[in-house]
Amino acid sequence: MPASTLSSNVNRKSPDFEKNARRIIDLLTQIKNEEQKIHEGGGAKAIESQHKKGRLTARERIEKLIDPGSAFFELGLYAAYEMYEEWGGAPSAGTVTGLATVCGRRFMVIANDATVKAGAFFPMTAKKVIRAQNIALENRIPVIYLVDSAGIFLPLQEDVFPDTDDFGRVFRNNAVMSAMGIPQLTAVMGMCVAGGAYLPVMTDHVLMTEGSGLFLAGPALVQAAIGQKTSAEDLGGAKMHAQISGTVDFREPNDDACLARIRALVDKMGNAPSPIFSKTPSRDPLFPADEIYGIYSSDPGKQYDMREIIARIVDGSECEEYRAEYGETVLCGYARIGGWAVGIVANQKKHVQTQARGSDQKRIEFGGVIYTEAAEKAARFILDCNQNKIPLIFLHDVNGFMVGKDAEWSGIIRAGAKMVNAVSNSVVPKISVICGGSFGAGHYAMCGKAYDPRFIFAWPTARYAVMSGDAAAGTLVEIKLKQLEREGKKVDEKAKKELYESVRATYEHQTDPRYAAARLWVDAIIDPAHTRDALITALEAAALNPEIREFKTGVLQT
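Residues numbered from 1 in each chain as written. Predicted model: local features only at pLDDT ≥ 70, side-chain atom pairs only at ≥ 80, totals over all residues. Heavy atoms only, no water.

**Focus on the overall build of the chain**
Stage number 1. Scanning the chain for helices and strands turns up 20 helices and 20 strands.
Stage number 2. The C-alpha radius of gyration computed for the chain amounts to 26 Å, which stays within 12% of the reference 24 Å derived for 558 residues, consistent with globular compactness.
Stage number 3. Principal-axis analysis of the C-alpha atoms places the extent of the chain at approximately 85 × 70 × 50 Å.
Stage number 4. Each of the 558 residues in the chain was classed as buried or not, and the buried ones make up 53%.
Stage number 5. Across the chain, contacts joining residues at least 24 apart in sequence account for 74% of those joining residues at least 6 apart.
Stage number 6. When the accessible area of the chain is evaluated, it comes to approximately 25,000 Å², of which 52% is carbon and sulfur surface.
Stage number 7. Of note, the chain has its 65 positive side-chain charges centred 2 Å away from the centre of its 68 negative side-chain charges. (Helix = DSSP H or I, 4+ residues; strand = E, 2+ residues; numbered from the N terminus. Rg over C-alpha atoms; globule rule 2.2 N^0.38 Å. Buried < 20%, exposed > 50% of the residue type's maximum accessible area, 1.4 Å probe, protein only. Contact = heavy atoms within 4.5 Å. Areas by Shrake-Rupley, 256 points an atom, 1.4 Å probe, with all protein chains shown as cover. Lys, Arg positive; Asp, Glu negative; His and termini not counted. Charge placed at Lys NZ, Arg CZ, Asp CG, Glu CD.)

**A short note on the pattern of salt bridges**
Stage number 1. One pass over the structure, following the stated rule, counts 32 salt bridges.
Stage number 2. The shortest N-O distance in the salt bridge between Asp397 and Lys349 comes to 3.8 Å. Of this pair, Asp397 sits in strand β15 (residues 392–398) while Lys349 is found in the loop between β11 (340–347) and β12 (352–355), placing the two residues 48 residues apart along the sequence.
Stage number 3. We note a salt bridge from Arg380 to Asp384, for which the minimum N-O separation is 3.1 Å. A residue pair is termed a helical-turn pair when its members lie 3 or 4 positions apart in one helix, as Arg380 and Asp384 do in helix α13 (residues 372–387) at four residues.
Stage number 4. Taking the relative accessible area as the measure of exposure, Arg380 reaches 38% and is therefore partly exposed.
Stage number 5. By relative accessible area, which is 17% here, Asp384 ends up buried.
Stage number 6. A single network of salt bridges, built from pairs that share partners, joins Arg12, Asp290, Glu291, Glu308 and Arg312. (Salt bridge = Lys/Arg side-chain N within 4 Å of Asp/Glu carboxyl O.)

**Re the packing of aromatic side chains**
The relative placement of two aromatic rings is captured by the distance of their centres and the angle of their planes.
Stage number 1. Scanning the model with the defined rule gives 16 aromatic pairs in all.
Stage number 2. Among the aromatic residues, those joined into a ring-pair cluster are Tyr84, Trp87, Phe122 and Phe153.
Stage number 3. Against the face of Trp340 rests Lys279, its NZ or CZ located 5.5 Å from the ring centre.
Stage number 4. The ring of Trp409 has Lys405 sitting right over it, with the charged end atom 5.1 Å from the ring centre. (Phe/Tyr/Trp six-rings, centres within 6.5 Å; stacked < 30°, edge-to-face > 60°. Lys NZ or Arg CZ within 6 Å of the ring centre and 35° of its normal.)

**What to know about the packing of α13 against helix α15 (residues 412–425)**
Geometrically, a packed helix pair is captured by the angle between its two axes and the distance between the axes.
Stage number 1. One can describe the packing of α13 onto α15 by two numbers: an axis separation of 8 Å at closest approach and a directional angle of 25 degrees. Relative to α15, the element α13 lies roughly parallel. As α13 packs across α15, the resulting crossing turns out to be left-handed. Here α13 contributes Thr372, Ala375, Glu376, Ala378, Ala379, Ile382 and Leu383 to the contact with α15, which in turn contributes Ile412, Ala415, Gly416, Lys418, Met419, Ala422 and Val423. (Axes fitted to C-alpha atoms, helices over the stretch in contact; angles between N-to-C directions. Parallel < 35°, antiparallel > 145°, perpendicular 65-115°, else oblique. Left-handed = near helix turned anticlockwise from the far one by under 90°.)

**Section: helix α20 (residues 531–542)**
Stage number 1. Counted at 1.5 Å a residue, the expected span for α20 with its twelve residues is 16 Å, and the 16 Å between its end C-alpha atoms agrees.
Stage number 2. α20 sits mainly inside the fold: ten of its twelve residues count as buried.
Stage number 3. Listed in full, the buried residues belonging to α20 are Thr531, Arg532, Ala534, Leu535, Ile536, Thr537, Ala538, Leu539, Ala541 and Ala542. (Expected span 1.5 Å × (residues − 1).)

Now the structure itself:
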């Protein structure tokens, strides 16, 4: 059968298109300016200090490590954004993580940024490193660690040290990845002290540059603990570890030589297993990606057709839409992105007219809302993708599940539970993109962070919370007013309005994608026009893991 080519009815000259495009471009400009500032790490003086030691910065090291002309796909750039300000901040949580190509092979790179508090581990630093490791674990991606860290940031040790998503988990993951056969290489290119000293020794290859230090306790602590005086070089320098302790595999004179050695080792690694997912030559979409700027609308009162977005992401703008005339507020379909076969589950933001269940009456279903039929369709589609080993892409712009008597009578809870069950137990790779709203249980059903997406991206227009800012502000203000009434206090209309605006502003700040990215609820904030590129990178990474466990759902409410 011929493939279904999506059509487009976009008018680039319409006022709505131009207004939408301006808003996204303004947001992107703001994001790009902030990203540039984050890239500076600890600032010009800290960079200069690093250079005076004869060392490169984390980003300079990565640039020299990766293949010439290839791109570094950074993850977690906004980690710790607007956090730890009482300590001077921790841009990007003092570490740089992302996917890179080294000698033609995909790697996860984790590099401490010594310009940020000497590369010390803040709570979010540990969580960011663990997230990068978890991505490597799930997708069987080899890892390169570029270590230059003073260890745990002691004033916040209670939030860094003990829990399952804290510092110790890093070393546990080193051991687990090694047992799974995931290659790991570590270069000690500065300080590597205390518990952090275990990281390089638990990986496959250990390299170390002259002038670096690798020890469980530094000279000052050793003298305080056992009264022994020693220099840092004698205690844990590169020469000592190469000649006496035998801990280091390769001693290198400087950063450049160390990075060259890593590339030489990578060049001789065996090939990755062949992918099990269907792959054909990639084809460009028929329509320009930058038209997404004008198509997408964040105005709750405006509609847009999600098919127009999909047409600018998938190969040849071709999509085999599944049950196209049923449950129309969720779109499901088979397509290819960068040649990779995918199943797409997307929220439709156009209102649709349909026939009411169990009658001949017509009804309007609101775009962005998951109705019973839509949930049932999506659940079945997810089952089919698992049966046929097809990775899943979720495109979020969801207000939540439908409520009310008609919805309850139709079995919305049962249908929603079925969709959540299918997503929870899905064994094929899942990748989520939060385009607009991602609220409440709709976020869960569309494979939110708690449902183990291999990657989760957000557009600058994303909004991520239990409910929208307006709805939350209204609810919270009502609760506050009733509390004041019980205390015998009267609130005039002006005070009510001020209270509402104050609550709304706080809530809107917390629904911003940068707030989510700061806490690693999303892996990256991406340019909508680059969505296809991000998905191709994620699919290529996911394809490195050829193992898929047996698919089981347990009990489904039917």
